[in-house]
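Here is what each chain is made of, one letter per residue.
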Amino acid sequence: HRWDVLVQEPKKFKGLLDKDWNREDQALEPEEEAPYFEDNADWLVGLTAKNLDKTLSKFSAVVVNVRYPWCSQCKSQDDTFVKAAKEAKQRGKKEANWKKVAFAVLDAREERKLAKKLGAKCDFNCEYRVYTAKDEEPISLKSKYTEADLLSSVTKFLGPAVQVIKADTDLVAVKEKNTTCLGSFSSETSSKYLLFKKVASLMRGELAFAVKFGEERTLEMWPHKQNFSFKFDGTWEDNGTSLRDWVLPRSIPLLQPYDWQMRETYEKLGLPLAKVWFDDSDPNPSFEKVVRHAVRRVAKRYIGKLAFVEQKKTTYAHELRDYGLNQPEVYPAFGIASNSSYNAIKYGFEVMPEVAPSAQDFWRDADKAIERLGAFCDAVLAGTAPEAHESGPAQSNWTQGAVKKLVWKTYKEIESPERPLLLEVYGKYRTENERKLKEAENLATALEPHAELFTVAGIDTSENYLPADLFKREKYSSDTEWYWVPAKPATGEARPEIIKLMKPKKDAPIKTVIEFAAKSSGAGISAETVMQTFEKRMEENPPPPTPPPPPMDAMPEGAMGGLGGMGGMGG
């Protein structure tokens, strides 16, 4: 497109730009454009800077589609906008509130100043602007894929943002159906009321805003179907941000079932998201009621700091892996994400044996559960809780002479081991995994006489998170690496650097591993003696045999796709 159709005032730039008439020919006809407004003039209103005030005076709500005539990025949304406008027009013949709604189109090329004010752009993230009064800023409204969804979003603009309460019975009726925020102000010209009205306009559809005039009182908010209220103690001296930030987390239930359609709601909150998972495949309504009661009591304590949701096992059990709560899966489960995005930092709450014999016992003691959950929430908010990651179950039965199986939950034993580690880092999807596991097992037995000097350990990276700062390795890498991890000095000094077996870097034979351990320990270990013991152990405790492939004559007829004899190949 010519540059002069994109800037607000082309005259300012003409004297500053060098003309290249090979590339720009002012005599060329502009590209043909689909007459979007003209083809749909029966349903749409053409909006301009000149008729803006008149249009806003005529309608109670004006939904504006700001578009460039050549834009093809939003074609489907443009079509949806027209369909919604047509349906709204039909509804207006039967319902008075829809008669006062207009769907308008602003040509961003012709109305450049107003288009810039309304955030004109040409990309896939289409948004509309909704005016509800001349003296109010327009509100952003995300485009929808269907006219039904768009009309549903517009519905919240049909009535006033604030309901005026004239009798107590009016307030009771509002509270019965909605979470309700009530403001009491001296008059409609009160500066506090104007802020209240501004926030109400921005939060249309999320809760009910009601007002009483005549006497100024503390603003109150009643959660839907709850027997308590919150009282606003923030400032009225800003642009309404303090009030909105106070109302927003209180506008949602203390605890509610979560699904993907609520993601935008919780993203808008900008708070860490606490989750409790229930096993809906084996429901226990009375027990779940006890759990919800405890979680709601915790949620009430952390309003404005944390948001709380519940999730079903059948839909969201896969999430437990990232919280380190999947091996084993125990329900109800509890964790916190730093935000509602998929890459949020995760924190998992694990019921340890010293806390309660089982998760069910933990939740049944509501007071104890609330105390423990509160301490966990405090630690997350303070930044002192350990981050959760995928982890295998912690080993509880290790003895000297056996491989110490480390996981993410026990990763501190790698960061600060009491004695040095001969560490095998591997993935279970490696070639001949069973044989290599048996080799490590027999190696640990062969090195048992030196167990006071160091420990043979292993970590499976295919099911455990491994920080990249110490081990630069792909998660599903299918090779084996060996490391010498020095013990952390008792004097509090920094631990010596970890040493990697480099020749070869990967899949080293056991003989080389033994020589590496003997050298790294500095204890005069005889590698030859250890190797002899290892070979003997491999004979006494061999790996399981690899099953042979099925013989060709045992394969079912047609398994080779009817290519027996290879007939037809060649001449």
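Relevant structure appears above.
Read on for an overview of the structure. Predicted model, so just to flag it, every value in this text is computed and none were measured.

1. Overview of the sheet that holds strand β3 (residues 101-107)
The strands making up a sheet associate through backbone hydrogen bonding, with each pair oriented either parallel or antiparallel.
Reasoning step 1: The sheet built from five strands is open, its strands ordered β1-β3-β2-β4-β5 with mixed pairing. The open sheet is flanked by β1 (45-47) and β5 (139-142), the only strands paired with a single partner. For this sheet, the mean angle separating the axes of adjacent strands, direction not counted, is 35°.
Reasoning step 2: Looking at chain direction, strand β4 (residues 127-131) and β5 are connected through four bridges and run antiparallel. Bridge pairing in β5 places E127 opposite K142.
Reasoning step 3: The strands touched by helix α4 (residues 75-92) are β2 (61-67), β3 and β4; relative to β3, the strand with the most contacts, the crossing angle is about 145°.

2. Overview of the sheet that holds strand β9 (residues 217-222)
Reasoning step 1: Taken in spatial order, the five strands make up an open sheet running β6-β8-β7-β9-β10, and their pairing is mixed. Both outer strands of the open sheet, β6 (163-164) and β10 (230-231), are each paired with one neighbouring strand and no more.
Reasoning step 2: One ladder, built from two bridges, connects β9 with β10; its direction is antiparallel. Within the sheet, the bridge partner assigned to M221 lies in β10 and is F230.
Reasoning step 3: Lying on the sheet, helix α8 (residues 168-177) is in contact with β6, β7 (180-185), β8 (208-213) and β9; it crosses β7 at an angle near 155°.
Reasoning step 4: Its contacts with the sheet place helix α9 (residues 191-202) against β7, β8 and β9, and it is angled at close to 160° to β8.

3. Considering empty space enclosed by the protein
Reasoning step 1: Enumeration according to the criterion identifies four cavities of 30 Å³ or more in this entry.
Reasoning step 2: Within this model, the largest cavity holds a volume of roughly 200 Å³.
Reasoning step 3: Sorting the residues of the lining of the largest cavity by element identifies β2, α4 and β4 as the ones contributing at least two each.
Reasoning step 4: A breakdown of the residues in the lining of the largest cavity according to their chemical character gives nine nonpolar, four polar and six charged.

4. Some details on the packing of helix α12 (residues 285-301) against helix α15 (residues 366-382)
Reasoning step 1: At their nearest, the axes of α12 and α15 sit 9 Å apart, and the two run at 40° to each other. By the angle between their directions, the pair α12 and α15 is classed as oblique. Viewed along their axes, α12 and α15 form a crossing whose handedness is right-handed. On α15, the residues that touch A294, R297, V298 and R301 of α12 are D367, I370, L373, G374 and C377.
Reasoning step 2: When grouped by side-chain class, the residues that make up the contact of α12 with α15 number five nonpolar, one polar and three charged.

What counts, and where the lines are drawn
- Residues numbered from 1 in each chain as written.
- Predicted model: local features only at pLDDT ≥ 70, side-chain atom pairs only at ≥ 80, totals over all residues.
- Heavy atoms only, no water.
- Pairing = 2+ DSSP bridges.
- Helix = DSSP H or I, 4+ residues; strand = E, 2+ residues; numbered from the N terminus.
- Axes fitted to C-alpha atoms, helices over the stretch in contact; angles between N-to-C directions.
- Contact = heavy atoms within 4.5 Å.
- 1 Å grid on protein atoms, 1.4 Å probe; cavity = no way out; pocket = protein on both sides within 12 Å on 5 of 7 lines; lining within 4 Å.
- Points joined across faces, edges and corners; volume = space filled by probe spheres on them.
- Nonpolar A, V, L, I, M, F, W, Y, C, P; charged D, E, K, R; others polar.
- Parallel < 35°, antiparallel > 145°, perpendicular 65-115°, else oblique.
- Left-handed = near helix turned anticlockwise from the far one by under 90°.

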